[in-house]
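Summary of structural features
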Amino acid sequence: MKDKMIMTAVEETGLPAENREEIRASVKDRDYARAKNLLHEGRDSLLAEIHQKEDEIRHIDWIIYTLGRAES
């Protein structure tokens, strides 16, 4: 039952389909260490993407601020 719950939760992670399938296969084979490592890698990848987007947002905010000052 626990494996089924984990597999369902993996589908909701937002990870790419290929990664989800690898994780699901690992859980099915009861290779929990591999599944855990794949999840850590996926998490790190998503976190890097978030940080990149934060940098892009800060850049846009700077442009907005600069344009606002130019209007004055």
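Residues numbered from 1 in each chain as written. Predicted model: local features only at pLDDT ≥ 70, side-chain atom pairs only at ≥ 80, totals over all residues. Heavy atoms only, no water.

As a further point, take a nonpolar patch on the surface. There is a patch of nonpolar side chains on the surface, built from Trp-62, Ile-63 and Leu-67 and spanning about 330 Å² of accessible area. Inspection of the secondary structure assignment puts Ile-63 in helix H3 (residues 32–71). A relative accessible area of 33% means that Ile-63 is categorised as partly exposed. (Patch = residues over 30% accessible without salt bridge, like charges linked within 9 Å, V, L, I, M, F, W, Y side chains within 5 Å. Areas by Shrake-Rupley, 256 points an atom, 1.4 Å probe, with all protein chains shown as cover. Salt bridge = Lys/Arg side-chain N within 4 Å of Asp/Glu carboxyl O. Helix = DSSP H or I, 4+ residues; strand = E, 2+ residues; numbered from the N terminus. Buried < 20%, exposed > 50% of the residue type's maximum accessible area, 1.4 Å probe, protein only.)

This brings us to unusual backbone geometry. If you check the backbone angles, Arg-30 has positive phi at about 60 degrees while not being a glycine. Examined against the element boundaries, Arg-30 turns out to sit in the loop between helix H2 (17–28) and H3. On the basis of relative accessible area, Arg-30 is assigned to the exposed category, the value being 56%.

Another point: the nonpolar core. Counting seven residues, the largest nonpolar core is built from Met-7, Val-10, Leu-15, Ile-23, Val-27, Ala-35 and Leu-38. At the level of secondary structure, the elements contributing two or more residues to this core comprise helix H1 (2–11), H2 and H3. The residues touching Val-27, leaving out its near neighbours within four places in the chain, are Asp-3, Ile-6, Met-7, Tyr-32 and Ala-35. (Core = buried A, V, L, I, M, F, W, Y, C linked by side-chain atoms within 4.5 Å. Contact = heavy atoms within 4.5 Å.)

This paragraph deals with the packing of H2 against H3. It is at 7 Å that the axes of H2 and H3 come closest, and there the two elements cross at 160 degrees. Classed by the angle they form, the pair H2 and H3 counts as roughly antiparallel. For the element pair H2 and H3, the recorded crossing hand is left-handed. Where H2 approaches H3, its residues Glu-22, Ile-23, Ser-26 and Val-27 are matched on the opposing element by Tyr-32, Arg-34, Ala-35, Leu-38 and Leu-39. (Axes fitted to C-alpha atoms, helices over the stretch in contact; angles between N-to-C directions. Parallel < 35°, antiparallel > 145°, perpendicular 65-115°, else oblique. Left-handed = near helix turned anticlockwise from the far one by under 90°.)

Attention now moves to H2. Over its twelve residues, H2 runs 16 Å from end to end, which matches the ideal 16 Å to within 8%, given 1.5 Å per residue. Turning to H2, its buried residues are Arg-20, Ile-23, Ser-26 and Val-27. Taken end-on, H2 shows its buried residues confined to a sector of 125 degrees, consistent with a single buried face. Those residues of H2 that are exposed and angled more than 90 degrees off the buried face are Glu-18 and Lys-28. Following H2 by one or two positions, Arg-30 adopts a phi angle in the positive range, close to 60 degrees. (Expected span 1.5 Å × (residues − 1). Arc of directions from axis to C-beta.)

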